[in-house]
Every structure is written in structure tokens, then in C-alpha cells.
Amino acid sequence: MAEKINKERAIRGIVSAAVKSYAKGFSTRHIAEVDDEDGVINSKIHNVFIAALGPEIQYYSALARSLDSSLGNMIEAMAISIAELNYTVSQHVEGILYKEQTDYIAELLEQYKRSSNRRVPQISDYKGISRKTGKVENKRHESDYYLIDEENGINYLIELKIGGDLDNKKARSEKEALLEQYCILTNRLGEDKVKILFATAYNRYGEGKPWRQGRVRQFFSDEELCISRDFWNLVCKSDAGYDIVIDEYKKNAHYINEALDEIKSKYLPRE
């Protein structure tokens with residue numbers, strides 16, 4: 001019980017510190033740029049079509065884009081810090097890849113992509129892909145999240161998209177990179193020790209609802225989806241991970257609101 005409480009305390013500490021640091025940095029940065037025409041907000045306020053709607057809409061439109069982007073970066077970093085409590089965390093995979101494997105991956109992805117008789121992704125599609133003979137190359141991939149569970153030896157290769165948006169132009173290449181990383185690891189560790197996951201920090205369709213985004217479903221199977229609660233439970237290595245993270249975030253969200261009010265007072269002073 002004590003270990004469980006200590007883990008929860010550590011997770012809450014990471015979330016609280018991340019939010020406070022983010023709020024302070026976000027406020028400091030934007031206030032420092034208030035007189036800089038090339039600043040994040042000022043550089044976006046010259047859209048005449050937005051400006052015609054009034055200064056408040058103009059300000060909020062520019063700020064919202066900055067908030068969304070930077071908040072996503074904070075959440076990614078926070079998730080890594082939490083994962084480091086429970087896993088060995090790396091952000092690259094390097095090793096031997098066989099030409100026979102790259103050829104198979106290319107053919108498989110084309111079958112996922114084609115408009116007629118399209119292949120529906122299944123984990124079984126790449127079972128048995130490990131190779132020990134043939135032409136090889138040494139390859140390195142940068143990885144969003146590569147988590148190693150030292151207790152059971154499972155290696156998780158995770159493609160994290162905070163809100164779940166998978167770029168149409170990058171979907172194929174991102175799955176290709178994951179499959180190549182999978183091959184590199186399974187060539188050394190065996191297929192039972194490696195898992196591929198597509199993860200999101202929240203469910204854009206509503207917590208607990210099915211994940212429907214077509215571009216993701218085109219390249220990832222149901223078993224590979226790690227959406228919202230499942231993702232936080234995984235990085236926290238706890239069935240209560242999502243609840244702990246969201247609860248602590250809500251407790252500290254007022255720091256971000258206060259930072260936003262401070263920024264607003266500089267860009268939209270009261271008349």
C-alpha cells in the first residue's frame with residue numbers, strides 16, 4: 001500500500017510541477033513579447049479578416065493557437081517524466097534491419113493504402129516478420145516513446161499524437177518507421193517482447209467512446225490503439241493512472257488561467 005501511495009504522490013508531483021512551470025513560462029514568454037511585432041501573438045494579429053471581428057477575437061484567435069501547440073509539448077514532456085518512474089525510457093531505436101523485412105513492410109503498407117480490396121490492419125500482419133538471414137543494414141530511428149518494462153521485458157514502441165491527429169501525408173511513413181523499429185527490436189529480442197501502439201493523451205470523440213478517425217484506422221489495428229485512459233494507465237503503470245493525472249491537472253489548472261489573465265491584461269488593457 002505504501003508503494004502505491006508513494007507512486008501516486010510522485011505522479012501528482014510531476015503533474016503539479018509541469019503545470020506550474022508551463023504556466024510561468026507561457027506567461028513570461030508572451031509578456032516579454034508584448035512590444036515585439038514578431039512575437040507569437042503580435043505576428044498573428046495582422047489577419048485583416050480576423051481583425052475586422054474586433055480586438056478581443058483577434059487576440060484570442062492568436063493566443064489559442066499558441067496555447068494549443070505549447071500545451072501539447074508540455075503534456076508530451078510530462079508523460080515522459082511519469083513514464084521514467086516505471087520504465088527505462090529511450091527515444092531512439094538502433095540495430096540490424098534485413099532487406100527482406102523492409103520489402104515486406106513496403107508491400108504491407110501498400111495493401112493498407114490502396115482504395116480497392118484494402119487490407120484491414122491486424123497485429124497478425126507482422127507476426128513472423130523477424131529475419132535472421134539475408135542482406136542487412138544498420139539503421140537508427142528516433143522514437144516518440146520507447147518504453148522498456150524491466151520487470152517483464154516488454155518493449156513498447158509508441159507513436160503519440162496528443163489529440164489524435166494523424167497527418168494524411170505522414171501516416172504511411174510513421175507506421176513504416178514503427179514497423180522498422182519493431183523489426184530491429186524483434187530481431188534481437190523476439191516478437192513476444194515488443195508491442196506497437198498508437199496513443200493519444202485524450203479522446204477527441206469523448207472519454208470511453210470508440211476511436212473512429214479513418215486515417216489512424218487505415219494503418220493501425222484495434223489492438224494497437226492506446227487512447228486517452230489506456231495511455232495514461234500505461235505510462236503510470238497503474239489502473240488509476242488516468243484518474244490521478246487528470247485530477248491533479250484540474251487541481252493545478254488555475255495556474256494556467258491566471259497566466260492567461262496576466263497576458264490578457266498586457267495585450268488588452270482596460271480602457
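Bear in mind that the values here come from a model prediction, so they are computed numbers and not experimental data. (Residues numbered from 1 in each chain as written. Predicted model: local features only at pLDDT ≥ 70, side-chain atom pairs only at ≥ 80, totals over all residues. Heavy atoms only, no water.)

Peer 1: Please explain the environment of Thr186 as it appears in this structure.
Peer 2: Position of Thr186 relative to the elements: it lies in helix 5 (residues 171-189). What makes Thr186 buried here is its relative accessible area of 2%. Thr186 sits 30 residues away from Val216 along the chain, and the two C-alpha atoms are 24 Å apart. Ignoring any residue separated from it by four or fewer positions in sequence, one finds Thr186 in contact with Ser130, Lys132, Glu191 and Val194. Reaching out from Thr186, the side chain makes a polar contact with the side chain of Ser130 at a distance of 3.0 Å. (Helix = DSSP H or I, 4+ residues; strand = E, 2+ residues; numbered from the N terminus. Buried < 20%, exposed > 50% of the residue type's maximum accessible area, 1.4 Å probe, protein only. Contact = heavy atoms within 4.5 Å. Polar contact = N/O pair within 3.5 Å; in protein donor to acceptor, adjacent residues only side chain to side chain.)

Peer 1: Is there a simple way to explain the packing of aromatic side chains in this structure?
Peer 2: Here a ring pair, both rings aromatic, is described through the centre-centre distance and the interplanar angle of the planes. For the structure on display, the rule yields 10 aromatic pairs. A network of ring pairs unites the aromatic residues Tyr59, Tyr60 and Tyr267 as a single cluster. We note Lys237 situated over the ring of Tyr87; from NZ or CZ to the ring centre the distance is 5.7 Å. (Phe/Tyr/Trp six-rings, centres within 6.5 Å; stacked < 30°, edge-to-face > 60°. Lys NZ or Arg CZ within 6 Å of the ring centre and 35° of its normal.)

Peer 1: Is there a simple way to think about the sheet that holds strand 4 (residues 194-200) in this case?
Peer 2: Whenever strands of a sheet pair, they do so through backbone hydrogen bonds, lying parallel or antiparallel. Read from one edge of the open sheet, 5 strands run 1-2-3-4-5, paired in mixed fashion. For this open sheet the edge positions go to strand 1 (88-98) and strand 5 (225-227), each flanked by a neighbour on one side alone. Strand-to-strand, the axes of this sheet are offset by a mean angle of 40°, without reference to chain direction. By the bridge criterion, 4 bridges tie strand 2 (residues 136-148) to strand 3 (residues 155-160) in an arrangement that is antiparallel. Across the sheet, residue Tyr146 finds its bridge partner in strand 3, namely Leu157. Of the strands in this sheet, strand 1, strand 2 and strand 3 are in contact with helix 3 (residues 55-83), which crosses strand 2 at around 90°. Taken strand by strand, helix 7 (residues 229-236) contacts strand 2, strand 3, strand 4 and strand 5, and its axis lies near 90° from that of strand 5. (Pairing = 2+ DSSP bridges. Axes fitted to C-alpha atoms, helices over the stretch in contact; angles between N-to-C directions.)

Peer 1: Please clarify how the packing of helix 4 (residues 99-113) against helix 5 should be interpreted in this entry.
Peer 2: For any two helices packed against each other, the geometry is given by the interaxial angle and the distance between the axes. Look at helix 4 against helix 5: their axes get within 10 Å of each other, and the N-to-C directions meet at 145°. Of the two elements, helix 4 crosses helix 5, and the hand of that crossing is right-handed. In contact with Gln101, Thr102, Ile105, Ala106, Leu108, Leu109, Glu110 and Lys113 of helix 4, helix 5 contributes Arg172, Lys175, Glu176, Leu179, Glu180, Cys183 and Asn187. In terms of residue class, the contact of helix 4 with helix 5 is made up of 6 nonpolar, 3 polar and 6 charged. (Left-handed = near helix turned anticlockwise from the far one by under 90°. Nonpolar A, V, L, I, M, F, W, Y, C, P; charged D, E, K, R; others polar.)

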